Amino acid sequence: MYLINGKEVKKEEFNIPVENLAIWRGDGIFEAIAIHNGYLFAIDKHMERFAKSAEKMFFDDIDFTKIKEDLISIASKFDNGYMRVIIGRGTDKDKSDVYIFYQDLINFPESFSLQSQKAHWQSGGDFSLDEVENIGSKTISYAMNINQTRLAQKSGYTDSLLLNKDGIVLEGPTFCVSWIIDNKIYVPSLDLGILDSITRRTLIDIAKEAGLDLKVENIHINDIYNVDTVFALSTAKHGTFVSQIDDQTYTEDPLLEIIRQSFSDFIEKERQLKK
Ligand SMILES: Cc1ncc(COP(=O)(O)O)c(C=O)c1O
């Protein structure tokens, strides 16, 4: 199903004019939300982040209540997959359009191999979130991120692991990373300017609820080679095992399966509660 500004359109009509700033300047914001048995997991957290991105990027007069209603209504027709919503600037800088569509479930590989690469376009902790307000906005300007994936794949890896200029681990081009040392879970700090991932936030909530040991801490690429397990986190990846980073290979820590199971339980509990 396809909606433009709340109106259902046919697939052939689901287009953005090339003159729109969303196309030739990448001037837009987006969210992707996973559907679990017709239920949009963490919809409120996604809508909150979307509204924050809109505020930071000066997309005014957006009816988020209507967007949420449309997302829920379409998602209820599907067992799984994703709802995607984009707000893109029009030809006129004062006008924007809202595009909503359903995307089928993506089948990712069971494990990832990552090639570390410096991310020169990321703030990487050089600027504080108070100092530069729009750090962390979820914009559609993803060309650099996607190119790093392409570069990594050319060298035989599944994806890229982005680092700041000092070699501190940031995130993947479309996912957050977490690691395990001696049964303790670690996630990087948002001070690095990485996306405030909803899945990362959920992992923190799950750990609190389940009494798992979790710490927010940054790590250098040379140190991540020595941890027990690394895994990828995103709306589409609730704990994908990272089997290799550069030349370093890993074995999967049993705690990762517990984490994955905890995600399923957490989502199902929230779904039942919101019924
Ligand atoms: C750069 C980046 N980091 C992290 C994530 C994970 O965010 P979330 O858990 O909200 O899907 C994404 C997801 O699109 C991303 O693009």
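Refer to the structure presented above.
A few points on the structure. (Residues numbered from 1 in each chain as written. Predicted model: local features only at pLDDT ≥ 70, side-chain atom pairs only at ≥ 80, totals over all residues. Heavy atoms only, no water.)

It is worth spelling out the side chain of Glu171 at this point. Along the chain, Glu171 falls in the loop between β8 (159-163) and β9 (176-181). Look at Glu171: it is buried, it has no salt bridge, and the nearest opposite charge is Arg49 at 8.5 Å. Among the polar contacts made by the side chain of Glu171, one reaches the side chain of Gln122 at a distance of 3.2 Å. Apart from the residues lying within four places of it in its own chain, the contact partners of Glu171 are Gln122, Leu161, Leu162, Cys176, Val177, Ile194 and Leu195. (Helix = DSSP H or I, 4+ residues; strand = E, 2+ residues; numbered from the N terminus. Buried < 20%, exposed > 50% of the residue type's maximum accessible area, 1.4 Å probe, protein only. Lys, Arg positive; Asp, Glu negative; His and termini not counted. Salt bridge = Lys/Arg side-chain N within 4 Å of Asp/Glu carboxyl O. Polar contact = N/O pair within 3.5 Å; in protein donor to acceptor, adjacent residues only side chain to side chain. Contact = heavy atoms within 4.5 Å.)

Once that is clear, we can look at the sheet that holds strand β6 (residues 96-103). Sheet architecture is open: six strands sit in the order β2-β1-β6-β5-β3-β4, paired in antiparallel fashion. Looking at the sheet topology across the chains shown, the edges are occupied by β2 (7-9) and β4 (39-40). Bridge count for strand β5 (residues 80-89) against β6 is eight bridges, and the pairing is antiparallel. Bridging across to β6, Val85 finds its partner in Ile100. (Pairing = 2+ DSSP bridges.)

To continue, consider the environment of Thr240. Assignment of secondary structure puts Thr240 in strand β13 (residues 237-245). C-alpha separation for the pair Thr240 and Phe108, spaced 132 residues apart in sequence, amounts to 8.8 Å. Look past the residues within four positions of Thr240 in its chain and what remains in contact with it is Pro109, Glu110, Ser111, Phe112, Val230, Phe231 and Ala232.

Lining the immediate surroundings of the ligand are 17 residues, of which Arg49, Tyr142, Ser197, Thr199 and Thr235 lie closest. Measuring from an oxygen atom of the ligand, one finds a side-chain N or O atom of Lys138 at 2.9 Å. Contacts to the ligand include Thr199, whose side-chain N or O atom sits 2.5 Å from an oxygen atom. Burial of the ligand by the surrounding chains reaches 93%, relative to a free accessible area of 390 Å². Mapped onto the shell around the ligand, the elements with two or more residues apiece are α5 (198-210) and β12 (229-234). Of the residues assigned to the shell around the ligand, the class counts are seven nonpolar, seven polar and three charged. (Near = heavy atom within 4 Å. Areas by Shrake-Rupley, 256 points an atom, 1.4 Å probe, with all protein chains shown as cover. Nonpolar A, V, L, I, M, F, W, Y, C, P; charged D, E, K, R; others polar.)

This part covers the layout of surface pockets. Roughly 640 Å³ of volume is contained in the second largest pocket. Around the second largest pocket sit 28 residues that line it, and His36, Ala236, Lys237, His238 and Arg260 are the ones nearest its centre. Listed by contribution, the elements that provide at least two residues to the lining of the second largest pocket are β3 (28-36), β5, β13 and α7 (254-274). Looking at the lining of the second largest pocket element by element, the count peaks at seven residues for α7. Residue-level mapping places the lining of the second largest pocket at the junction of two domains, with at least three residues from each of domain 1 (2-103) and domain 2 (111-270). (1 Å grid on protein atoms, 1.4 Å probe; cavity = no way out; pocket = protein on both sides within 12 Å on 5 of 7 lines; lining within 4 Å. Points joined across faces, edges and corners; volume = space filled by probe spheres on them. Domains from an automatic or database assignment.)

What follows concerns unusual backbone geometry. Backbone geometry places Asn37, a non-glycine residue, at a positive phi of 50 degrees. Residue placement: Asn37 occurs in the loop between β3 and β4. Phi at Asp246 is positive, roughly 50 degrees, even though this residue is not glycine. Mapping Asp246 onto the fold places it in the loop between β13 and β14 (248-249).

In this structure the tally under the stated criterion is 14 salt bridges. In this structure, Lys165 and Asp166 form a salt bridge, with 3.6 Å as the shortest nitrogen-oxygen distance. A residue is classified by how much of its surface remains accessible, and Asp166, at 47% relative accessible area, is partly exposed. Across the pair Glu268 and Arg271 runs a salt bridge, and its minimum N-O distance is 3.0 Å. Residue Glu268 and its partner Arg271 are both found in helix α7; the two are separated by three residues, about one turn of the helix.

Glancing now at the environment of Gln103. On the secondary structure map, Gln103 appears in strand β6. On the accessibility criterion, Gln103 (22% relative accessible area) is partly exposed. Counting along the chain gives 71 residues from Gln103 to Ala32, while the straight-line C-alpha distance between them is 9.3 Å. When neighbours within four sequence positions are excluded, Gln103 is seen to be in contact with Gly81, Tyr82 and Arg84.

Two elements in contact, α5 and α7, have axes whose closest approach is 10 Å; the angle formed by their N-to-C orientations is 95 degrees. By the angle class used here, α5 and α7 are roughly perpendicular. On α7, the residues touching Thr199, Thr202, Leu203, Asp205, Ile206 and Glu209 of α5 are Ile259, Ser262, Phe263, Phe266 and Lys269. (Axes fitted to C-alpha atoms, helices over the stretch in contact; angles between N-to-C directions. Parallel < 35°, antiparallel > 145°, perpendicular 65-115°, else oblique.)

All we've got here are geometric facts, nothing functional implied.
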